[in-house]
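# Examining the three-dimensional arrangement
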Amino acid sequence: MGERCCAALVRLLVLQAAWALSGGQVRYSVPEEAKAGTVVGRLAQDLGLEAGEAEARRLRLVAQGRRASVEVSGASGALLVSSRLDREELCGKSAPCALRLEVLLERPLRVFHVQLEVTDINDNAPVFPAARKNLSIAESSLPGSRFPLESASDADIGANAQLTYTLSPSEHFSLDLQKMEEDGESLFLVLRKSLDRETIPVHRLVLTATDGGRPSLTGTMELVISVLDANDNAPQFNQSVYKVQLPENAEQGTLVIKLNATDLDEGSNSNISYSLENQFPQDGKGVFGIDRKSGEIRLRSRLDFEDVSLYRLQVDATDQGNPPLSGHCKVVLEVLDVNDNAPEVWVTSLSVPVAEDASVGTVVALLSVSDRDSGENGRVRCWVWPASPFGLEATFLGSYSLVLREALDRERVSEYEVEVRAEDGGAPALRARRGLRVPVLDVNDNAPLFAQAVYTVLARENNAAGAELARLWARDPDEAANGRVSYSVWDGGLGVGVGGAAGSSSSSGGMGWRPASSYVSVDAESGRLWALQPLDYEELQVLQFEVRAVDAGEPALSGNATVQLFVLDENDNAPALLPAAGSAAEAAAAALAGAGSESGTLWAWAAWGAPAGQVVAKIRAVDADSGYNAWLRYELCEPQGGKGPFRVGLYSGEVSTARALDEADGPRQRLLIVVRDHGEPARSATATLSVSLLEAAEAALAAGSSAASSSSAVSRSAAGAELGPGAASAATNVWLVVAICAVSSLFLLAVVLYGASRWAPRAAVLSGPGPTTLVCASEVGSWSYSQRHSRSLCVADGAAKSDLMVFSPNFPPPPPGPAAKDTQPEPSALLDTCFWRIVMVDSDGFDSVDERLP
């Protein structure tokens, strides 16, 4: 075994030596991209190994840093392709591409060098540095300009790497390939025709490289040629004139229009800024504003159709090229009318005040009506409110006349507040109004009118001269001088009655008729009625007259009122004792009494033994006042603690015996009789009666003398003496005759007065229109009085006196103003003092009184 190994080792060394002597390498050639398993060469055989020896001696390749992509088959000893061979990967552009392999053979160990040449095939197409090449060429470049291009590369070598170039058809570009020994080849893109960016902004060409292999392979590159812009185009608007409509009530900031100008250039040459250059009208420059970048025109201030209805704007669009170029357009803005203006009403002429007697159709005012809007918005309708008494008449467009349609009455309406209203035809409609103050000028067409047709005035007698009696007031609805009233007492046809309310002859005789102006006067301005002199009820009870009110108009108008002045009685007269009926009877009584006549003393006689109740004498008295003031009562003043033999009737004044007379009463009784009225304060008179006590024969003689003297007298004395029992029968007959005569006279007088009041003409004092005359016997109040209710009752020797009265309330309406309280009493006070007074009269005077409250 050892020998065998040594022999092999020797043999190997010999082979190695022989291999080295013969060049020491085995050379093979294989094309690239040969398939795996391809036999490159029979390495074992080429190394001189016997069959089976390669496997036995473990013939194998030794790697030398890179993958050889070949292997030795252990069974056959052939060199096979184990993986893909890529010459370009193994050798790149080196030529030739030889791989040095080491083959190791054991037993003995020997190393052989094998050179494997990988031959090139055309398996790589030409490759450009990039699939796309972007070029920028200014459109202003001249034809013939050259632009270098990068050549393509081919990983193959030799003819497979020989490249030719072609360019896609283009009228603007061509290729130029220059081959130089030092620098190799250079490829240029040549401009054959001027560029226009606006026509073709980008040229897209395909550059093709073809190698020399068979079949040939090609590589392409896209040439994207961007034409660099030159500022040779001005900005352009798509319209030269833009027309826009905008309502006048558009808000500030409203977009009017957005303009868009285009510039065919690019870059800064196409950057456009907008500006407003000219505006019409000139004062509308601040109305609009434009955004320099976006071209938006917006409203900066409010529009007003009535001021400017059309705007013309010139807009410039300027690029940023060098030099900059500009484009222009015009914007015509039409402002649409909106009903934003209310009608306006102006008074061009006003004729006031208007006389209240102005005729219908009188022009009061001239008006001008306008509306700044147009169309239906400016069409105005006018009317007057309230509708009467004025109306509108159109004179011409926009002008109206305010005319009188109805008659005026200043006293009803002294001033009119008139509204002229206007409404336009817009939607919604706008309205306006103009107020007119139309005063009515007064015309003297109203006469003064008293508040009452008849004034009833109550005045106390003995009033001071100048005392105010009443205030009269007449209303004149006119104004100024036409309504200024002056008052006066009018005496035409009227007068006063003196000495009795019935209009009969006065006992005072000679005063007769006197005008009312001698008693009263009226203040011309205030209407104050005042007395010129003190009034005397005993002289004048009723005064009727007229007061005239005259205005100061032209012509003057007047009105009348009747004033009935009633004088109220005051207790200003004391009772008066009537004188004796006859001086003979008085003297006889004094002679029988055995005494002389005393001044102021009344005489009477009585017989001894006269029974109680026998009338001795009758005191007669009269009071010039009336009513309670004239109602008399009689009182006997007796010494304190004593009770005399006589008494006096309280209201009759009859002195009669209180008891039977005896001698203890003495020959003469002196009686003091006080006569008082019922006034406040009461007034009185004193009568002294001297009664002589006689024997029966003396009393009969005195009665005869008294009867003889009294037969010639019409009535007996109020304080006579009456005979005793012997003359009673004769005295009674005389009384009966007197009573019958008095009653007959009373009835006859009543009939005469009734006929006179019914058919006779009315006296001035109690005549004239109006309600019944007023008379009052009370201190306050007003009472209806009629002559038909009054009867004059007469006594034999006294004055006629009307003491039968019927009273009924009559309250006229009070005149306006504060003077009402001066002329009208309170009704409660009137009712408190109303009474009936009936006086029955006999031949000796007052016989009885009946007083009844209602």
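Residues numbered from 1 in each chain as written. Predicted model: local features only at pLDDT ≥ 70, side-chain atom pairs only at ≥ 80, totals over all residues. Heavy atoms only, no water.

Our focus in this paragraph is the overall build of the protein chain. Scanning the protein chain from terminus to terminus reveals 9 helices and 55 strands. Within the protein chain, the proportion of its 854 residues that are buried is 42%. Contacts in the protein chain between residues far apart in sequence, at least 24 positions, make up 69% of those at least 6 positions apart. As displayed, the protein chain offers around 43,200 Å² of accessible surface, 53% of which is attributable to carbon and sulfur atoms. (Helix = DSSP H or I, 4+ residues; strand = E, 2+ residues; numbered from the N terminus. Buried < 20%, exposed > 50% of the residue type's maximum accessible area, 1.4 Å probe, protein only. Contact = heavy atoms within 4.5 Å. Areas by Shrake-Rupley, 256 points an atom, 1.4 Å probe, with all protein chains shown as cover.)

This part takes up the environment of V338. Its place among the elements puts V338 in the loop between β23 (326–336) and β24 (344–350). Distance in space between the C-alpha atoms of V338 and F305 is 7.9 Å, their sequence separation being 33 residues. Leaving out residues up to four positions away in the same chain, V338 has contacts with P247, E248, N249, D373 and N377.

Another aspect to go through is unusual backbone geometry. Here the residue pair N322 and P323 is connected by a cis peptide bond, since its omega of 0° sits within 30 degrees of zero. Look at the link from V352 to P353: it is a cis peptide, with omega at -5°. Mapped onto the elements of the fold, P353 is located in the loop between β24 and β25 (354–355). Despite not being glycine, A480 shows a phi value in the positive range, around 55°. Looking at where A480 falls in the secondary structure, it is placed in the loop between β35 (474–475) and β36 (485–490). According to the relative accessible area criterion, A480 is exposed, its value standing at 60%.

Attention now moves to the sheet that holds strand β31 (residues 431–441). Within a sheet, adjacent strands bond to each other through the backbone by hydrogen bonds, running parallel or antiparallel. Pairing in this open sheet of 4 strands is mixed, and the strands run β25-β31-β30-β27 from one edge to the other. This sheet does not close on itself; its edge strands, each paired only once, are β25 and β27 (380–385). Note that β25 and β31 share 2 bridges and pair parallel. Paired with V354 across the bridge in β31 is V440. (Pairing = 2+ DSSP bridges.)

Under the definition given, this model contains 25 salt bridges. With a closest N to O distance of 2.4 Å, D176 and R146 form a salt bridge. Here the residue D176 occupies a position in strand β11 (residues 173–180), and R146 occupies one in strand β9 (residues 146–149), the gap between them amounting to 30 residues. When its relative accessible area of 36% is taken as the criterion, R146 is described as partly exposed. The salt bridge involving E635 is made with R633; its shortest N-O contact spans 3.7 Å. Looking at E635, the relative accessible area reads 29%, which means it is partly exposed. Put simply, R197, E198, D229 and E266 are held in one network by salt bridges that share partners. (Salt bridge = Lys/Arg side-chain N within 4 Å of Asp/Glu carboxyl O.)

To continue, consider the confidence of the model for the protein chain. Chain-level statistics for the protein chain give a pLDDT mean of 77 and a share of 74% at 70 or above. Below a pLDDT of 50 lies the segment residues 592–599, which in the model reaches 15 contacts outside its immediate sequence neighbourhood of four places, other chains included. Counting contacts from residues 761–854, a segment whose pLDDT is below 50, to residues more than four positions away or on other chains yields 207 contacts. (pLDDT = per-residue confidence, 0-100.)

Residues Y165 and L167 point to one face of strand β10 (residues 164–167) and are all buried, whereas T164 and T166, pointing to the other face, are not buried. Sheet topology places β10 next to strand β13 (residues 202–210); 4 bridges connect them, and they run antiparallel. Across the sheet, the residue bridging to Y165 is A209, located in β13.

The next point concerns the sheet that holds strand β33 (residues 454–460). Strand order in the open sheet formed by 4 strands is β33-β40-β39-β36, and the pairing between neighbours is mixed. Bordering the open sheet on either side are β33 and β36, each of which pairs with just one other strand. Put simply, the sheet's adjacent strands are angled 30° from each other on average, direction ignored. With 7 bridges connecting them, β33 and strand β40 (residues 558–568) associate as parallel partners. Paired with L458 across the two strands is F566, which belongs to β40. (Axes fitted to C-alpha atoms, helices over the stretch in contact; angles between N-to-C directions.)

Before going further, it helps to examine the packing of aromatic side chains. Enumeration according to the criterion identifies 8 aromatic pairs in this entry. Taking 5.4 Å as the distance between ring centres and 85° as the angle between the ring planes, the aromatic pair formed by F390 and Y416 counts as edge-to-face. Taken as a pair, F390 in strand β28 (residues 390–396) and Y416 in strand β30 (residues 415–424) lie far apart in primary sequence, 26 residues in all. Here the aromatic residues F450, Y455 and Y487 are joined through ring pairs into a cluster of three or more. A cation over a ring is seen here: R146 above F188, with NZ or CZ 4.5 Å from the ring centre. (Phe/Tyr/Trp six-rings, centres within 6.5 Å; stacked < 30°, edge-to-face > 60°. Lys NZ or Arg CZ within 6 Å of the ring centre and 35° of its normal.)

By the secondary structure assignment, Y242 is in strand β16 (residues 241–247). In sequence terms Y242 and L259 are 17 residues apart; their C-alpha atoms lie 9.0 Å from each other. Side chain to side chain, Y242 and N238 meet in a polar contact 2.2 Å long. (Polar contact = N/O pair within 3.5 Å; in protein donor to acceptor, adjacent residues only side chain to side chain.)

Time to look at the environment of S275. Mapped onto the elements, S275 comes out in strand β19 (residues 273–280). Classification of S275 by relative accessible area gives buried; the value is 13%. For the pair formed by S275 and T318, sequence separation is 43 residues and the distance between their alpha carbons is 8.4 Å. Beyond its immediate chain neighbours, meaning those up to four positions away, S275 contacts I290, R292, Q314, V315 and D316. A polar contact of 2.7 Å, which involves the side chain of S275, links it to the side chain of E277.

With that out of the way, let us pick up the side chain of T210. Structurally, the position occupied by T210 is in strand β13. Those residues within four positions of T210 in sequence are excluded, and the remaining contacts are P126, Q162, L163, T164, S216, L217 and T218.

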